[in-house]
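Residue-level structure breakdown
For reference, the chains in residue letters:
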Amino acid sequence: MNKTLAFIGCGKMAQAIIGGMIQSGIVDRKRIIASARTEETRQLVKKTFNIKIEGDNKQVAKNADILFLAVKPDVHKEVIDEIKDYVKKDVIVITIAAGITLSYLESGFHNEVRAIRVMPNTPSLVREGMSVIAPNRYVTTDELDLVVKLCETFGQAEVMNEGLMDAIPAISGSSPAYVYMFIEALADGAVKQGIPRDQAYKLGAQAVLGAAKMVLETGKHPGELKDQVCTPGGATIEAVLTLEKEGLRSAVLSAMDVCTEKAKALANN
Ligand SMILES: NC(=O)C1=CN([C@@H]2O[C@H](COP(=O)(O)OP(=O)(O)OC[C@H]3O[C@@H](n4cnc5c(N)ncnc54)[C@H](OP(=O)(O)O)[C@@H]3O)[C@@H](O)[C@H]2O)C=CC1
Ligand SMILES: O=C(O)[C@@H]1CCC=N1
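Please read these numbers as outputs of a predicted model, since none were measured by experiment.

Right, let's get into the site of ligand 2. Around ligand 2, the neighbouring residues are Gly-173, Ser-174 and Leu-266. If ligand 2 stood free it would expose 240 Å²; the protein chains cover 47% of that surface. Among the cavities detected, the one that contains ligand 2 is the second largest pocket.

As structure tokens, this is what we get:
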């Protein structure tokens, strides 16, 4: 990787990506530069990752071969206006923001800018991220391959049509938050039964990790895997009945609907 990777904005998501990339050993930290608004974040990022970070967005944009816009959606306009005249002609601009479209980037920079939407998630920090990638028509196959490989340094990557991108936060970008809530709830339930809290988090998290691996590695339908746990006349089916009565599935679907609507609206704030 002989490209300069630049991040405008270095908050929680950018830090997760940078952490995963460096941990992979594939991306040299010397190739990563970033900017953040406050001195507090700049010091934290410098201390944590030992990368070059500064307050001047233009300086960072100027040196970028691949430029990640990692600010919130409502800060994109101000940042793009600030840097658009400073980027290299063939820079690849990636937004990781929910709701920011490829046409938004094309109008902000210039009509033929190489633009990519990537929706990542925070497990990127431990190289178990999921990145969904949608390029515009000016991104070449080789450039897309490079970005896919880059995203694979911190997890899995899938290329999709832009038309699906607004639906990705709910299933992938935001969903770790729901899973953490589920793990917290599992731990609370265990603590209620007398299990020490630190062990309860380990048991709950490992169950989620193991179940996720079963879905990914056996290729079996989640319903079949659930059925294997439910011993006839046993304890699990009682828990399953209660979760159905309490509306676990419909709660998840409703949450994903509101998440998707909000993600679509974010760019207009
Ligand atoms: N968090 C997540 O799980 C995910 C987030 N995303 C997307 O990532 C983006 C960032 O989210 P997140 O990391 O959570 O948010 P944060 O608030 O943690 O990070 C935003 C960063 O932007 C910086 N910033 C703000 N204004 C400017 C500016 N004018 N110039 C340069 N930097 C600026 C902030 O600097 P400072 O820290 O100094 O204030 C901060 O580092 C969003 O667009 C979000 O949609 C996508 C997928 C998942
Ligand atoms: O909450 C948000 O808007 C961002 C997008 C996906 C995860 N975090």
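Our next topic: the pattern of salt bridges. Summed over the entire model, instances satisfying the criterion amount to 11 salt bridges. Residue Asp-81 is joined to Lys-77 by a salt bridge in which the shortest nitrogen-to-oxygen separation is 2.8 Å. Residue Asp-81 and its partner Lys-77 are located together in helix H4 (residues 76-83), separated by 4 residues, close to a single helical turn. Given a relative accessible area of 38%, Asp-81 falls into the partly exposed group. The partner of Glu-143 in a salt bridge is Arg-114, and the shortest N-O contact between them spans 2.7 Å. With a gap of 29 residues between them, Glu-143 in helix H6 (residues 141-152) and Arg-114 in strand S6 (residues 114-119) connect regions that are remote in the sequence. Overall, the relative accessible area of 22% leaves Arg-114 in the partly exposed class. Overlapping salt bridges, with partners in common, bring together Lys-77, Asp-81 and Lys-84 in one network.

A separate point is the sheet that holds strand S4 (residues 66-69). One open sheet accounts for 8 strands, arranged S3-S2-S1-S4-S5-S6-S7-S8; its pairing is mixed. Two strands close off the open sheet at either side, each with one partner strand: strand S3 (52-54) and strand S8 (155-159). Averaged over all pairs of adjacent strands, the angle between strand axes in this sheet comes to 20°, irrespective of strand direction. Taken together, the 4 bridges between strand S5 (residues 92-95) and S6 define a ladder with parallel strand orientation. The residue bridging Ile-92 from the neighbouring strand is Arg-114, located in S6.

The subject of this paragraph is the domain arrangement of the protein chain. Segmentation of the protein chain into domains returns domain 1 (5-163) and domain 2 (173-266). Facing 8 residues of domain 1, the contacting portion of domain 2 comprises 5 residues. Together, the buried faces of domain 1 and domain 2 total about 470 Å²; carbon and sulfur atoms form 67% of this surface. Linking domain 1 to domain 2 there are 0 salt bridges. At the boundary of domain 1 with domain 2, the tally comes to 0 residue pairs in polar contact (both at pLDDT 80 or more). A class-by-class count of the residues in the side of domain 1 that touches domain 2 yields 5 nonpolar, 3 polar and no charged.

Let us now look at the pairing of S5. Neither face of S5 is exposed, since Ile-92 and Ile-94 on one face and Val-93 and Thr-95 on the opposite face are all buried. Of the strand pairs in this sheet, S4 and S5 are connected by 4 bridges, and their pairing is parallel. If you follow Leu-67 over to S5, its bridge partner there is Val-93. One crossover worth recording links S4 to the parallel S5 by way of H4, and it is right-handed. Between the parallel elements S5 and S6, the chain passes through helix H5 (residues 102-108) in a crossover that is right-handed.

What counts as what
Residues numbered from 1 in each chain as written. Chains lettered and ligands numbered in written order. Predicted model: local features only at pLDDT ≥ 70, side-chain atom pairs only at ≥ 80, totals over all residues. Heavy atoms only, no water. Near = heavy atom within 4 Å. Areas by Shrake-Rupley, 256 points an atom, 1.4 Å probe, with all protein chains shown as cover. 1 Å grid on protein atoms, 1.4 Å probe; cavity = no way out; pocket = protein on both sides within 12 Å on 5 of 7 lines; lining within 4 Å. Sits in = over half its atoms within 2 Å of the grid points. Salt bridge = Lys/Arg side-chain N within 4 Å of Asp/Glu carboxyl O. Helix = DSSP H or I, 4+ residues; strand = E, 2+ residues; numbered from the N terminus. Buried < 20%, exposed > 50% of the residue type's maximum accessible area, 1.4 Å probe, protein only. Pairing = 2+ DSSP bridges. Axes fitted to C-alpha atoms, helices over the stretch in contact; angles between N-to-C directions. Domains from an automatic or database assignment. Contact = heavy atoms within 4.5 Å. Buried area = accessible area lost by both parts, 1.4 Å probe. Polar contact = N/O pair within 3.5 Å; in protein donor to acceptor, adjacent residues only side chain to side chain. Nonpolar A, V, L, I, M, F, W, Y, C, P; charged D, E, K, R; others polar. Right-handed = clockwise from strand over helix to strand, strands pointing away.

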